[in-house]
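Descriptive analysis of the structure
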Amino acid sequence: MPDTTTKQSKRRSEPPSEEPSPSKRRKTSVNEPASAGEVSPRSTSAPSEFLKDAKYYLADGDIEVCSEATVFRIHKTKIRPLGGLFSTIFEIPQPPSSEELPRLPLFGTEPNDVRYLVAYAYGDIYDLISLRREAITTLKFLLPCGPKYTPASAAITGVPKSAQSLLMRTLPFEVIRLCQEYDLPALLPMAFYHAAQLPIADIVGGIYGLGSSEEKQHSAADLIIKIVTGRDQLKLAYRNVRLRYLNEFNPDNWTDSEKCRGDDNKWDHCTIYITKTLRQFNRDGFMDARTDVLDPMPQVRRKLCAHLCSSCADNFNLSLEGGIASIWKRLPHYFDLGTWERVTEDQRAADRLYED
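Here is a short report on the structure shown in this document. (Residues numbered from 1 in each chain as written. Predicted model: local features only at pLDDT ≥ 70, side-chain atom pairs only at ≥ 80, totals over all residues. Heavy atoms only, no water.)

Side chains that differ in charge, positive against negative, can pair when their charged atoms come close. This model, assessed by the stated rule, comprises eleven salt bridges. Where E64 meets R73, a salt bridge forms, and the shortest distance between an N and an O atom there is 2.8 Å. Overall, E64 belongs to the buried group, its relative accessible area being 2%. Note that R177 and E174 form a salt bridge whose closest N and O atoms lie 3.3 Å from each other. (Salt bridge = Lys/Arg side-chain N within 4 Å of Asp/Glu carboxyl O. Buried < 20%, exposed > 50% of the residue type's maximum accessible area, 1.4 Å probe, protein only.)

For the rest of this paragraph, the subject is the sheet that holds strand β2 (residues 63–67). If you trace the four strands from one edge of the open sheet to the other, you get β1-β3-β2-β4, paired in mixed fashion. Only two strands of the sheet have a single partner each, and these edge strands are β1 (51–57) and β4 (103–105). Averaged over all pairs of adjacent strands, the angle between strand axes in this sheet comes to 30 degrees, irrespective of strand direction. Sheet topology note: the β2/β4 ladder contains three bridges and is parallel. The residue of β4 that forms the bridge with V65 is L104. Set on the sheet, helix α2 (residues 111–121) makes contact with β1, β2 and β3 (70–74); between it and β3 the angle comes to about 15 degrees. (Pairing = 2+ DSSP bridges. Helix = DSSP H or I, 4+ residues; strand = E, 2+ residues; numbered from the N terminus. Axes fitted to C-alpha atoms, helices over the stretch in contact; angles between N-to-C directions. Contact = heavy atoms within 4.5 Å.)

Right, let's talk about the packing of helix α11 (residues 298–306) against helix α12 (residues 310–334) for a bit. Where α11 meets α12, the axes come as close as 9 Å, and the angle between the chain directions of the two elements is 155 degrees. What the angle tells us is that α11 and α12 run roughly antiparallel. In terms of crossing hand, the pair formed by α11 and α12 is right-handed. Residues R301, L304 and C305 of α11 form the contact with α12, whose own contacting residues are A313, F316, N317, L320 and E321. Residue classes in the contact of α11 with α12 are distributed as five nonpolar, one polar and two charged. (Parallel < 35°, antiparallel > 145°, perpendicular 65-115°, else oblique. Left-handed = near helix turned anticlockwise from the far one by under 90°. Nonpolar A, V, L, I, M, F, W, Y, C, P; charged D, E, K, R; others polar.)

So, on to the packing of aromatic side chains. In the structure shown here, the tally under the stated rule is six aromatic pairs. The interplanar angle of 25 degrees and the centroid separation of 5.6 Å between the aromatic rings of F192 and F335 together place this pair among those described as stacked. With F192 in helix α5 (residues 188–196) and F335 in the loop between α12 and α13 (340–355), this residue pair connects regions lying 143 residues apart in the sequence. Taken individually, F192 and F335 each receive the classification buried, so the pair is uniform in this respect. For the pair Y245 and F316, a centre-to-centre distance of 5.6 Å together with 75 degrees between the ring planes defines the contact as edge-to-face. Taken together, the residues span a long stretch of sequence, with Y245 in helix α8 (residues 244–247) and F316 in helix α12 at a distance of 71 residues. Put simply, the rings of Y238, F281 and F286 pair up and form one aromatic cluster. (Phe/Tyr/Trp six-rings, centres within 6.5 Å; stacked < 30°, edge-to-face > 60°.)

Time to look at the side chain of T291. Inspection of the secondary structure puts T291 in the loop between α10 (264–284) and α11. Classification of T291 as buried rests on a relative accessible area of 7%. Within the local environment of T291, its side chain forms a polar contact with the side chain of Q197, the two groups lying 2.9 Å apart. Contacts of T291, omitting those with residues within four sequence positions, involve Y193, A196, Q197, R231, L234 and K235. (Polar contact = N/O pair within 3.5 Å; in protein donor to acceptor, adjacent residues only side chain to side chain.)

Turning our attention to the side chain of S67. For S67, the position within the fold is in strand β2. The buried category is assigned to S67, whose relative accessible area is 0%. In terms of polar contacts, S67 uses its side chain to reach the backbone carbonyl oxygen of E110, at 3.5 Å. When residues no more than four places from it in sequence are discounted, the contact partners of S67 are F72, L106, T109, E110, P111 and V114.

The next subject is unusual backbone geometry. Of note in the backbone geometry, D183 takes a positive phi value of approximately 55 degrees without being a glycine. Along the chain, D183 falls in the loop between α4 (161–181) and α5. Taking relative accessible area as the criterion, D183 reaches 43% and is therefore assigned partly exposed. Residue D336 is not a glycine yet carries a positive backbone phi of 60 degrees. Its place among the elements puts D336 in the loop between α12 and α13.

The next thing to look at is the pairing of β2. Along β2, five of the five residues are buried, which leaves the element largely enclosed by surrounding structure. Side chains I63, V65 and S67 of β2 all project onto a buried face; the interleaved residues E64 and C66 project onto the opposite face, where all are buried too. Bridge count between β2 and β3: five bridges; the pairing is antiparallel. Along β3, the bridge assignment pairs E64 with R73.

Functional significance is not addressed by these values, which are geometric in nature.
Structure follows, in structure tokens:
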């Protein structure tokens, strides 16, 4: 076999073969038709058209595997555990022992596919199961999931300012596609939540630059319906659950803060300020147009609590935190995904199926 290392190398023409005698073993041509995945013993004279793989033609290998015009010299102990494509290699009869290694063509395969499997067998690429676990762990920093609300989240850094706006508009749709394509149901609730924060024009009308195409990309109709429906649910939850303390405020029948009520000076001050704040929020649409129900709103809290007595400020903070926790518990339900327990169990089932 010629020591050919590049595809540009000249190939020798194979000399005409002699007609085999009845006593000789019939040669097997790599050009014979065969079904995909079929393996066959090599001929006793190596075809000259084969090229050694640049990386996996190992001097101490004990078997040669061919895919199209590429030959891999590797170790049986490495590829035997792969099974599948290689499962029949060790079942076929081998020619009598000689100085040449057995060469086994894999019909219906491409060199890149074989090279990928061999690289996996030799540990030259990441274990796909471990890689998937690491990827999911990383995504959970951006998309918290689970029954217990964890307000802390990672920020995406290192993105040029010119690309930040487009990234935040396209990322939710890309993550939804990723979760649906690779069975990551536990991450879907937060992916849909981030999609619901976008303007309705982006959700329904599509976004330029989504995916690899420069054309305006549109989401599927069922996906749009799910995002828009959840978006409306978040708006209702903003007023009725998140800001319940303000929404249900009634100065004539308000017993939320007994300590404040016992002091007429505090009572007048707190009720007047809360009434004024509520009126302003209603006028500006603050309580009806927002969907960021998981935002801890630190600036609003600081400003409001600075004008309330300590008792009323504590009650407002407790009500706000309780409202956010309640919304978090129902977040999957807003997007027709069931409960956190359900999506968590679906994730475990998907992981078991993948890892088995």
